[in-house]
Amino acid sequence: MQEKKTEMANKNAKKANILDHHSIKHILDESVSEIVTSRGYVEDVRMSNIRLFLGTIIIVIALFAQFYNKKFPQNRDFLIGCIYIFFNGLLQLIIHLKEKNAILVTYPPKGSYTSTGLLVASKLPRFSDEYTLSIASADPKSISAGKPVQFTKSVTQWFTNEGVLVEGLFWKDVEALINDYAAEPKKSK
């Protein structure tokens with residue numbers, strides 16, 4: 001019976017290639033999303049839907065250009081103007097200005113007194129083991145927006161030598177950060 005439990009734990013363990021920082025960041029980001037949503041926050045997918053809609057428009061225009069009456073050299077200005085400059089520029093502008101490093105945007109939890117959700121962002125620079133996780137308000141101009149919090153820690157604290165994520169340790173760190181954000185600010189006398 002004990003062997004079955006260890007087998008199941010090994011199958012469910014999240015394993016990353018420890019030599020690939022993209023793999024490490026992906027697993028940590030997925031785990032953060034799981035932790036935040038398990039706390040009652042529901043993901044806000046509006047921006048993702050807008051990006052998908054713009055991508056669909058880009059594809060439709062590209063298909064239109066493909067079967068346009070004029071062949072490539074004559075329809076070049078149409079292609080450059082519509083697809084690459086306007087729509088791709090708009091898409092990149094949304095990603096750069098609105099989303100930044102966001103891995104998760106949420107609605108406020110049900111029954112909460114706040115009117116804003118969370119904007120969870122992360123960074124893992126290339127050639128570095130320092131993972132930065134930050135939590136801020138999805139609407140920083142709101143009166144109920146909390147003060148942004150973040151931590152920066154080495155990923156070596158959360159992974160074994162084989163690349164398996166020690167979820168308990170990571171879970172505690174992320175939950176502590178969520179609790180720091182949710183804590184009411186101390187009133188000074």
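In this text the structure is predicted, and so the values were computed from the model without any measurement.

### Some remarks on the UniProt feature "transmembrane region" (unreviewed entry) in the protein chain
Taken from the UniProt record, the annotation "transmembrane region" (unreviewed entry) applies to residues 49-66 and 78-97. Segment residues 49-66 splits into 100% helix and 0% strand. End C-alpha atoms: 25 Å apart.

### Quick word on the nonpolar core
Core analysis: the largest hydrophobic core is formed by 26 residues, its most contacted members being Leu28, Tyr131, Trp158, Phe159 and Phe170. Taken together, the elements giving at least two residues each to this core come down to α2 (21-38), β2 (118-123), β3 (130-137), β4 (149-154) and α5 (167-182). The element best represented in this core is α2, accounting for six residues. In this view, Phe159 contacts Ala16, Ile24, Ile27, Leu28, Val164 and Leu165; residues no more than four positions away in its chain are not counted. Counting residues in hydrophobic clusters, the runner-up holds six residues, among them Leu54, Ile58, Phe87 and Ile94.

### Let's talk about the pattern of salt bridges
Per the stated rule, a full pass over the model turns up six salt bridges. Linking Asp29 and Lys25 is a salt bridge whose minimum nitrogen-to-oxygen distance equals 2.6 Å. Highlighted residues: Asp29 and Lys25, both in helix α2, separated by four residues, approximately one helical turn. We classify Asp29 as buried; its relative accessible area is 12%. Here Arg39 and Glu175 are joined by a salt bridge, their closest N and O atoms 3.9 Å apart. Taken together, the residues span a long stretch of sequence, with Arg39 in the loop between α2 and α3 (46-66) and Glu175 in helix α5 at a distance of 136 residues.

### Here we look at the packing of aromatic side chains
Under the defined criterion, the tally for this structure stands at four aromatic pairs. On the basis of an interplanar angle of 70° and a centroid distance of 4.8 Å, the ring pair of Trp158 and Phe170 is categorised as edge-to-face. Here the residue Trp158 occupies a position in the loop between β4 and α5, and Phe170 occupies one in helix α5, the gap between them amounting to twelve residues. Of the two residues, Trp158 and Phe170, both sit in the buried class. Feature note: the residues Tyr131, Phe151, Trp158 and Phe170 constitute an aromatic cluster, connected by ring pairs. Against the face of Phe151 rests Lys153, its NZ or CZ located 5.5 Å from the ring centre.

### A few points about α2
With 18 residues, α2 ought to run about 26 Å at 1.5 Å a step, and its terminal C-alpha atoms sit 26 Å apart, in line with that. Among the residues of α2, the N-terminal cap falls to Asp20, whose side-chain oxygen and the backbone nitrogen of His22 are separated by 3.2 Å. Gly40 lies just past α2 and shows a positive phi near 100°.

### Overview of unusual backbone geometry
Phi at Phe127 is positive, roughly 65°, even though this residue is not glycine. Here Phe127 lies in the loop between β2 and β3. For Phe127, a relative accessible area of 78% gives the class exposed.

### A closer look at α5
In a regular helix each residue adds 1.5 Å, so 16 residues correspond to 22 Å; α5 covers 22 Å between its end C-alpha atoms and thus fits that length. By the burial criterion, the buried members of α5 are Phe170, Asp173, Val174, Leu177, Ile178 and Tyr181. Each buried residue of α5 sits inside an arc of 135° when the element is viewed along its axis, so together they form one side. Residues of α5 that are exposed and point over 90 degrees away from its buried face: Lys172 and Asp180. The elements touched by buried residues of α5 are α2, β2, β3 and β4.

Conventions we followed
Residues numbered from 1 in each chain as written. Predicted model: local features only at pLDDT ≥ 70, side-chain atom pairs only at ≥ 80, totals over all residues. Heavy atoms only, no water. UniProt positions renumbered as here; feature names shortened; annotations may be inferred. Helix = DSSP H or I, 4+ residues; strand = E, 2+ residues; numbered from the N terminus. Core = buried A, V, L, I, M, F, W, Y, C linked by side-chain atoms within 4.5 Å. Buried < 20%, exposed > 50% of the residue type's maximum accessible area, 1.4 Å probe, protein only. Contact = heavy atoms within 4.5 Å. Salt bridge = Lys/Arg side-chain N within 4 Å of Asp/Glu carboxyl O. Phe/Tyr/Trp six-rings, centres within 6.5 Å; stacked < 30°, edge-to-face > 60°. Lys NZ or Arg CZ within 6 Å of the ring centre and 35° of its normal. Expected span 1.5 Å × (residues − 1). Polar contact = N/O pair within 3.5 Å; in protein donor to acceptor, adjacent residues only side chain to side chain. Arc of directions from axis to C-beta.

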